[in-house]
Amino acid sequence: MSSLQTEIEVEAEHSVADLNVVDLRKSFVAPNGDRLEVLRGVTFEAHEGESVAIVGASGSGKSTLLHLLGGLEAPDHGIVSLSGTDVSGLKGNDLSSFRQSKIGFVFQFHYLIGDLTAAENVSLPLRIARFPQASFSTQAKALLNEVGLGGRHDYPISHLSGGEQQRVALARALVTNPPLLLADEPTGNLDTSIGDEIGQILVKFVRNRSRIAIIATHNESLAGICDRVLLLEDGRVRAV
Ligand SMILES: Nc1ncnc2c1ncn2[C@@H]1O[C@H](COP(=O)(O)OP(=O)(O)O)[C@@H](O)[C@H]1O
Ligand SMILES: [Mg+2]
């Protein structure tokens, strides 16, 4: 076992992943000058091992909510606290390093780098977060094995199917073992059966590693395998 794996496992054992979201509000100014109140007081908690689906009509604010949870945008009001760290209180380098080490993002489109291999793409977050060089490739390959791509480490992205590319994107999001995984319509671009497989891998990973996943989705079967489903409607969430 590499020293990095040891470090990650020790950290995983000791850090309790807890997400607390309190009275989150966000509005935008539309091109015609109207103020659009997208989030009007979102409050919920998620605990380690949990996968929480966020469902709601298109335009209800699911992506906006994920952006606020991951520190990509600042709320107008309210608190996002991950394992005791107030995300909206972070700025500059502190915010960047928080995002690199504590958050994994998966989007509908994979945003992988076409000229790099699967393993090179997966190891990018480790390079950016300056993890010890020696373990980049070992960690990346271990994650690719875990998402079922053991035979594809050295394939260029362009030689992989859509489902395989999304598995690589999932491995890339998970490689730093972040406490919080944010997935925005992760199966939105895939056939149902392939989307279901990816959903299963994601939920299982989060449960086994005591992480938290917040998954915005239209996919009822993906929402169905999550531990809880929250409906985002009229700017607030409620359990369904
Ligand atoms: N940067 C922005 N400026 C203005 N309006 C925005 C911006 N981002 C999102 N919106 C609006 O906020 C609403 C919610 O968007 P979004 O969070 O993408 O919804 P969902 O992901 O549920 O489809 C939409 O009406 C959208 O047009
Ligand atoms: Mg969206």
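If you're wondering where the values come from, they're calculated on a predicted model, not measured in any experiment.

## Thoughts on the sheet that holds strand β1 (residues 18-29)
Overall, antiparallel pairing links the four strands, which are arranged β2-β1-β4-β5 in an open sheet. If you trace the sheet from one side to the other, it starts and ends with β2 (35-47) and β5 (85-86), each paired once. The pairing of β1 with β2 spans ten bridges and is classified as antiparallel. From the neighbouring strand, Val21 faces β2, where its bridge partner is Phe44. In the packing of helix α2 (residues 62-69) onto the sheet, the strands contacted are β1, β2 and β4 (77-82), and the crossing angle to β1 comes to about 125°.

## Some points on the packing of aromatic side chains
Across all of its chains, the model carries two aromatic pairs by this definition. Between Phe105 and Phe107, the aromatic rings sit 5.7 Å apart at their centres with planes inclined by 10°, giving stacked as the arrangement. On the basis of relative accessible area, Phe105 is assigned to the buried category, the value being 18%. Judged by centre distance (5.8 Å) and plane angle (80°), the rings of Phe107 and Tyr111 are edge-to-face. Every member of this aromatic cluster is reached through a ring pair, and the members are Phe105, Phe107 and Tyr111. Directly above the ring of Tyr155 sits Arg152, whose terminal nitrogen or CZ lies 4.9 Å from the centroid.

Parameters and conventions
- Residues numbered from 1 in each chain as written.
- Chains lettered and ligands numbered in written order.
- Predicted model: local features only at pLDDT ≥ 70, side-chain atom pairs only at ≥ 80, totals over all residues.
- Heavy atoms only, no water.
- Pairing = 2+ DSSP bridges.
- Helix = DSSP H or I, 4+ residues; strand = E, 2+ residues; numbered from the N terminus.
- Contact = heavy atoms within 4.5 Å.
- Axes fitted to C-alpha atoms, helices over the stretch in contact; angles between N-to-C directions.
- Phe/Tyr/Trp six-rings, centres within 6.5 Å; stacked < 30°, edge-to-face > 60°.
- Buried < 20%, exposed > 50% of the residue type's maximum accessible area, 1.4 Å probe, protein only.
- Lys NZ or Arg CZ within 6 Å of the ring centre and 35° of its normal.

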